[in-house]
Amino acid sequence: MMTEYVHQPDFMTGDEFSIPTFSLLCPEGELHDGAIEPALERDHARRIYQAMLATRILDERMMAAQRQGRLSFYMQCTGEEAAVVGATAALDDADMIMAQYREQGALMYRGFSIDEFMNQLFGNELDYGKGRQMPIHYGSRKLHYMTISSPLATQIPQATGYAYGQKLAGDGHCTLTFFGEGAASEGDFHAALNMASVHQVPVIFFCRNNGYAISTPAVEQFAADGIAPRAFGYHMHVIRVDGNDVLAVYEATRQARKIAVERNQPVLIEAMSYRLAAHSSSDDPSGYRSKDEEEVWRAKDPVLRLKKWLLKKQWWSEEEESTQQEALRREVLDTLKRAEKRASPPLESLISDVYADITPALQRQFDQLKRHIRRYPDAYPRGAKSLDLDVGTDTDSQGEA
Amino acid sequence: MATMNMLQAINNALDIAMAEDEKVICFGEDVGIFGGVFRATSHLQEKYGKARCFNTPLVEQGIIGFANGLAAQGSVPVAEIQFADYIFPAFDQIVNETAKFRYRSGDLFNVGGLTIRTPYGGGIAGGLYHSQSPEAYFTHTPGLKVVVPRNPYQAKGLLLAAIRDPDPVLFLEPKRLYRAAVGEVPEEDYQLPIGEAEITKEGTDITVVGWGAQMEVIGKAVELAEEQGIACEVIDLRSLLPWDADTVVESVLKTGRLVVSHEAPLTGGFAGEIAATIQERCFLYLESPIARVTGLDTPFPLVLEKEYLPDHLKIFEAIRESVNF
């Protein structure tokens, strides 16, 4: 450690530094003066926009379905589509993403089908997670998207570890982990950044600073200038970016990926955005923030901003917009109807995957459960459906010694 | 065959695993060039390089979070927590992440490659924070395997099995025996089964069950009992999760009596689980109440450690009382 000795006490607070916000596109869809347009092909730009639009529509429809009582729970990405999709679009599709829970836009960009979303949301027999987790806990091995886990921030040190494995494998891939500014208060965040920096790991820490952790505003979450300055404490590359500007998010993440993959160094990105919707279907923001505040951010809508830019470039048209919107709404509704009618996962899925193989003790408990369900099938309609009820309750081995 | 103490046997197992599979990676606090505070990872960094055997920052939740991610990626991490007393910052990563990774993803992802090694137990004048036996916190967590070896031979064979097991394993090493336990250990590769108890001594009058360092203490107690003509059957559980209830049940059906001993406090201890299972499956065969000989329901003491510990005399008394019930 290099230090200069001084002979008068001089305390510092961090105010000596200020971290600017990288922005390319203004809300009117035009580039800022002096901004350089990222090298984004027409098809790529359209893929990004279509993923953002599809995410917005999925969220609207599913929130409505939740309000109709068809779905137990939902979380919207609304307002943060540019941050999530822009970051994902700058990665290689085989890079690992370890998200928090509000990043369905990443899956949408990578091609998770509406059917796949629905099967998870309804926890039916086609859900990859076998109906074990609450709605929105998606995962996809083929799309390199780690299954969501409810405990906050646990995915951040895991991303460091995953990326360390990628570095040793030498396959040229990195890991990007998403988390909120609230989750960055957890110890796991600090552990993850420190270890990534010490061990020189190709990982991108992508903070969605959306202003709120449920009801707690960012000013009650931390006293410093956001999350970005924390990178200095770990000697890590950092950039703050306008999270509602998809071009800026894309370009910042593209360059971050180069640092990660070519130099095996971690990067922290803080995307400044706003959670336009409630925290979840169980939350009501009117209790802790004003409509006026929401309106300020609604005017900065990231989907609209990209659309304006695309229209100006003549890479998108209003006709396409309405056709696409209508087609998406229809697909979501049709798929929803199919998904909610599908059967539940079979009773066996209650005990599989706890271990690679079912243990004798668990098998014993399961046999006991099956005997009980056969006795009271009406009380357990889902479980009873996958059992042969004609098997007499006393023909099963009691399993006693 | 070579003569090894438990640390040498563990070091030898890690060496074999790392030589065989380049995906095996050892890390933790002071694990690198120093070889760990107990020297279990000695010379591994010299042999396999800094990328595969290294020091981590001092952050247990980070070590296990990192290990979970590394295992999910397909590597085979062997993470060391320097003392089991310091595993609690990583409790969330172990209980909510390690244990549930496979289940919650419907087997899309798993961390089965992960092994967590940590020294546990008292008898070394370690006081509250260098003595605890936290096994029961983890045996309450489906998805984990919990393994405890009693001697160098068992340590090597069980650790190799743990590293290669398709599920995550918490490997609790009895640190009192690290250097004290010395025995014959084959130099070649071998594995011992996880989930299977071992009958270390046959007998007909009473069954005595334990694991890890407590097996040595039970051995002394049984010697005293045998002098009085009590034929004891001794069982080392070896795995606490999953645990081999059948072997204990079979033994108790024969002897009709059971003593279980562990260093951890009585209330909520794993002996309670064993007692409940055995009374359920051997109810009509029991000749006396199942006895638990354990630590007290206190934090682990220092000066009065000898009084706190379930030593051979306390176990001997429990055997005697059970037989004379």
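No experiment lies behind these values; they were computed from the predicted model shown.

Colleague: Is there a simple way to explain the overall build of chain B in this structure?
Modeller: Scanning chain B for helices and strands turns up 12 helices and 14 strands. Taking 325 residues into account, the globule formula puts the C-alpha radius of gyration at 20 Å, and chain B, at 19 Å, falls close to it. Across its three principal directions, the C-alpha atoms of chain B cover 60 × 45 × 40 Å. Here chain B holds 325 residues, and the buried ones make up 64% of them. When contacts within chain B are restricted to residue pairs at least 6 apart in sequence, those whose partners lie at least 24 apart make up 82%. Carbon and sulfur atoms make up 53% of the accessible area of chain B, which amounts to about 11,900 Å² in all. Both charge centroids of chain B, one from 26 positive and one from 44 negative side chains, sit 3 Å from each other.

Colleague: Looking at this structure, how should I read the confidence of the model for chain A?
Modeller: Parts of the model with low pLDDT should not have their predicted coordinates read in detail. In this model, chain A carries an average pLDDT of 95, and 97% of its residues clear a pLDDT of 70 or more. Low pLDDT (under 50) marks residues 394–401 of chain A, which in the prediction has 13 contacts with non-local residues, meaning those over four places away or in another chain.

Colleague: What's the story with the UniProt feature "domain: Transketolase-like pyrimidine-binding" (unreviewed entry) in chain B in this structure? I'm lost.
Modeller: Under the local residue numbering, the UniProt record ascribes the feature "domain: Transketolase-like pyrimidine-binding" (unreviewed entry) to residues 4–180 of chain B. From the first C-alpha to the last, residues 4–180 of chain B spans 10 Å; its make-up is 36% helix and 17% strand.

Colleague: What am I meant to see in the packing of helix H5 (residues 155–169) of chain A against helix H3 (residues 60–73) of chain B here?
Modeller: How two helices pack is summed up by the angle between their axes together with the distance between the axes. Where H5(A) meets H3(B), the axes come as close as 6 Å, and the angle between the chain directions of the two elements is 50°. When the axes of H5(A) and H3(B) are compared, the pair comes out oblique. For the pair H5(A) and H3(B), the sense of crossing is right-handed. Here A:Pro157, A:Gln158, A:Thr160, A:Gly161, A:Tyr162, A:Tyr164, A:Gly165, A:Gln166 and A:Ala169 of H5(A) come into contact with H3(B), specifically with B:Gly62, B:Gly65, B:Phe66, B:Asn68, B:Gly69, B:Leu70, B:Ala72 and B:Gln73.

Colleague: So what exactly am I meant to see when it comes to the domain arrangement of chain B here?
Modeller: Interfaces are often sized by the amount of accessible area the parts lose when they come together. All names here are of chain B. Domains assigned within chain B are domain 1 (2–185) and domain 2 (198–323). A C-alpha centroid distance of 26 Å is found between domain 1 and domain 2. Contacts between the two partners involve 28 residues from domain 1, matched on the other side by 26 residues from domain 2. Of the roughly 2,000 Å² buried between domain 1 and domain 2 on both sides combined, carbon and sulfur atoms contribute 57%. Inspection of the region where domain 1 meets domain 2 yields 3 salt bridges. Here Asp236 ties to Arg150 by a salt bridge, and the two come within 2.7 Å at their closest N and O atoms. Listed by contribution, the elements that provide at least two residues to the side of domain 1 that touches domain 2 are helix H6 (135–139), strand S6 (145–147) and helix H7 (152–164). At 4 residues, the largest contribution of residues to the side of domain 1 that touches domain 2 is made by H6. Looking at side-chain class alone, the side of domain 1 that touches domain 2 contains 14 nonpolar, 10 polar and 4 charged residues.

Colleague: Looking at this model, I keep getting lost on the nonpolar core. Mind explaining?
Modeller: The nonpolar side chains of a soluble globular protein tend to be buried with one another. Within the largest apolar cluster, 128 residues are counted, with the highest numbers of intra-cluster contacts made by A:Phe179, A:Phe205, B:Phe27, B:Leu237, B:Val248 and B:Ile274. Discounting residues that sit within four places of it in the chain, B:Leu237 has contacts with B:Glu196, B:Ala197, B:Val209, B:Gly210, B:Trp211, B:Trp243, B:Asp244, B:Val248, B:Phe270 and B:Ile274. Among the nonpolar cores identified, the runner-up in size contains 74 residues, and A:Met62, A:Leu107, A:Ala252 and A:Trp316 belong to it.

Colleague: Would you mind going over the interface of chain A and chain B with me for this structure?
Modeller: Across the contact, 44 residues belong to chain A and 46 residues belong to chain B. Buried surface at the junction of chain A and chain B, both sides included, amounts to about 3,600 Å², of which 63% is carbon and sulfur. Among the residues of chain A in contact with chain B, A:Gln158, A:Met195 and A:Tyr355 are the three that bury the most area, contributing 17% of the side total. Counting across the chain A and chain B interface gives 0 salt bridges. It is H5(A) that contributes the most residues to the side of chain A that touches chain B, 10 residues altogether. Its residues placed into classes, the side of chain A that touches chain B shows 19 nonpolar, 18 polar and 7 charged.

Colleague: Mind showing me how you'd approach the environment of A:Val238 here?
Modeller: Residues and elements named next belong to chain A. Looking at the element boundaries, Val238 is found in strand S7 (residues 237–242). For Val238, a relative accessible area of 25% corresponds to the partly exposed category. Through-space distance from the C-alpha of Val238 to that of Phe205 is 9.3 Å; in sequence the pair is 33 residues apart. Excluding residues that lie within four positions of it along the chain, Val238 makes contacts with Ala228, Ala231, Phe232 and Leu268.

Colleague: I'm lost on the sheet that holds strand S14 (residues 291–295) of chain B in this one. Help?
Modeller: Across a sheet, paired strands are connected by hydrogen bonds in the backbone, their directions being either parallel or antiparallel. All names here are of chain B. As summarised here, the arrangement of the 5 strands in space is S9-S11-S10-S13-S14, forming an open sheet in which the pairing is mixed. Each edge of the sheet is formed by a strand with only one pairing partner; in this case those strands are strand S9 (198–201) and S14. Within this sheet the neighbouring strands show an average axis-to-axis angle of 25°, counted without direction. Sheet topology places S9 next to strand S11 (residues 232–236); 3 bridges connect them, and they run antiparallel. Residue pairing in the sheet places Ile199 in a bridge with Ile235 of S11. In the packing of helix H9 (residues 245–255) onto the sheet, the strands contacted are S9, strand S10 (206–210), S11 and strand S13 (258–265), and the crossing angle to S11 comes to about 170°. The sheet contacts of helix H12 (residues 312–323) involve S10, S11, S13 and S14, and relative to S10 the element is tilted by about 150°.

Colleague: What am I meant to see in the sheet that holds strand S3 (residues 53–55) of chain B here?
Modeller: Residue and element names in this part refer to chain B. Sheet architecture is open: 7 strands sit in the order S3-S2-S4-S5-S7-S6-S12, paired in mixed fashion. Each of the sheet's edge strands pairs with one partner strand only, and the pair in question is S3 and strand S12 (239–241). For this sheet the average axis-to-axis angle between neighbouring strands, irrespective of direction, equals 20°. As judged from the 6 bridges shared by strand S5 (residues 115–120) and strand S7 (residues 169–174), these two strands associate in the parallel manner. Bridging across to S7, Thr118 finds its partner in Leu172. Strands in contact with H3 are strand S2 (24–28), S3, strand S4 (76–80) and S5; relative to S4, the strand with the most contacts, it is inclined by about 170°.

Colleague: Could you clarify how one ought to interpret a nonpolar patch on the surface in this entry?
Modeller: All names here are of chain A. Together, Met12, Phe17 and Phe232 make up a nonpolar patch on the protein surface, roughly 360 Å² of accessible area in all. Relative to the assigned elements, Met12 resides in the segment before strand S1 (21–22). Judged by its relative accessible area of 59%, Met12 is exposed.

Colleague: Could you clarify how one ought to interpret the pairing of S10(B) in this entry?
Modeller: Side-chain direction in a regular strand flips from residue to residue, so the side chains alternate between the two faces of the sheet. All names here are of chain B. S10 sits mainly inside the fold: 5 of its 5 residues count as buried. Burial along S10 is two-sided: Ile206, Val208 and Gly210 facing one way and Thr207 and Val209 facing the other are all buried. When S10 meets S11, the two strands line up parallel, connected through 5 bridges. Across the sheet, residue Ile206 finds its bridge partner in S11, namely Cys232. Handedness of the β-α-β unit built from S10, helix H8 (residues 214–227) and S11 comes out right-handed. Sheet topology note: the S10/S13 ladder contains 3 bridges and is parallel. Following the sheet pairing, Val208 is matched in S13 by Val259.

Colleague: It is not clear to me how helix H2 (residues 81–89) of chain A should be interpreted in this structure. Could you clarify?
Modeller: Helical periodicity: at 3.6 residues per turn, an α-helix aligns residues three or four positions apart in one direction. Buried residues dominate H2(A), accounting for 9 of its 9 residues. Listed as buried for H2(A) are A:Glu81, A:Ala82, A:Ala83, A:Val84, A:Val85, A:Gly86, A:Ala87, A:Thr88 and A:Ala89.

Colleague: Honestly, the environment of B:Lys254 in this entry has me stumped. Any pointers?
Modeller: Residues and elements named next belong to chain B. Residue placement: Lys254 occurs in helix H9. Separated by 51 residues in the primary sequence, Lys254 and Gly203 have C-alpha atoms spaced 9.1 Å apart. Sequence-distant contacts of Lys254, defined by excluding residues within four places in its chain, comprise Gly203, Thr204 and Glu233.

So, how was this worked out
Throughout, a residue's number is its position along its own chain's written sequence, starting from 1. Going through the entries in the order they are written, you letter the chains from A and number the ligands from 1. The predicted origin of the model limits local features to residues at a pLDDT of at least 70 and limits the giving and counting of side-chain atom pairs to 80 or more, whereas totals for whole chains, interfaces and linings rest on all residues. Side-chain metrics rest on all non-hydrogen atoms present in the structure, leaving aside hydrogens and water. A run of H or I in DSSP becomes a helix once it reaches four residues, and a run of E becomes a strand once it reaches two; helices and strands are each numbered from the N terminus. Our radius of gyration is a C-alpha quantity, and the globule rule it is checked against amounts to 2.2 Å times the number of residues to the power 0.38. Partly exposed residues are those whose accessible area sits between 20% and 50% of the maximum for their type, while under 20% is buried and over 50% is exposed, using a 1.4 Å probe and protein chains only. Here, residues are in contact when the closest pair of their heavy atoms is within 4.5 Å. Accessible surface area values rest on a Shrake-Rupley calculation with a 1.4 Å probe, where residue burial reflects the displayed protein chains alone. Positive charges come from Lys and Arg alone, negative charges from Asp and Glu alone, with His and the N- and C-terminal ends not counted. Every charge is mapped onto a representative atom, which is NZ of Lys, CZ of Arg, CG of Asp or CD of Glu. A score between 0 and 100, pLDDT records how confident the predictor is in each residue. UniProt positions are given in the numbering used here, feature names are shortened, and annotations may be inferred rather than shown by experiment. Lines are fitted to the C-alpha atoms to define the axes, a helix being fitted only along its stretch in contact, and any angle between axes, read from their N-to-C directions, falls within 0 to 180 degrees. When an angle is under 35 degrees it counts as roughly parallel; over 145 it counts as roughly antiparallel; between 65 and 115 it counts as roughly perpendicular; any other value is oblique. In this scheme the crossing of two helices becomes right-handed for a clockwise turn of the near helix relative to the far one and left-handed for an anticlockwise turn of less than a right angle. Either an automatic procedure or a domain database provided the assignment from which the domain bounds are taken. The term buried area denotes the loss of accessible surface (1.4 Å probe radius) that occurs when two parts are joined, taken as the sum for both partners. Any Lys or Arg side-chain nitrogen located within 4 Å of an Asp or Glu carboxyl oxygen qualifies as a salt bridge. Side-chain classes follow a simple rule in which Ala, Val, Leu, Ile, Met, Phe, Trp, Tyr, Cys and Pro form the nonpolar group, Asp, Glu, Lys and Arg form the charged group, and the remainder, Gly included, forms the polar group. Nonpolar cores are built from buried Ala, Val, Leu, Ile, Met, Phe, Trp, Tyr and Cys residues. Side-chain atoms within 4.5 Å join them into one set. Following DSSP output, two strands are said to pair if at least two bridges run between them. Within this analysis, patches are made of residues with over 30% relative accessible area and no salt bridge. Like charges are joined at 9 Å or less; nonpolar side chains (Val, Leu, Ile, Met, Phe, Trp, Tyr) at 5 Å or less. We call a crossover right-handed when, viewed with the strands running away from us, the connection from the first strand over the helix to the second turns clockwise.

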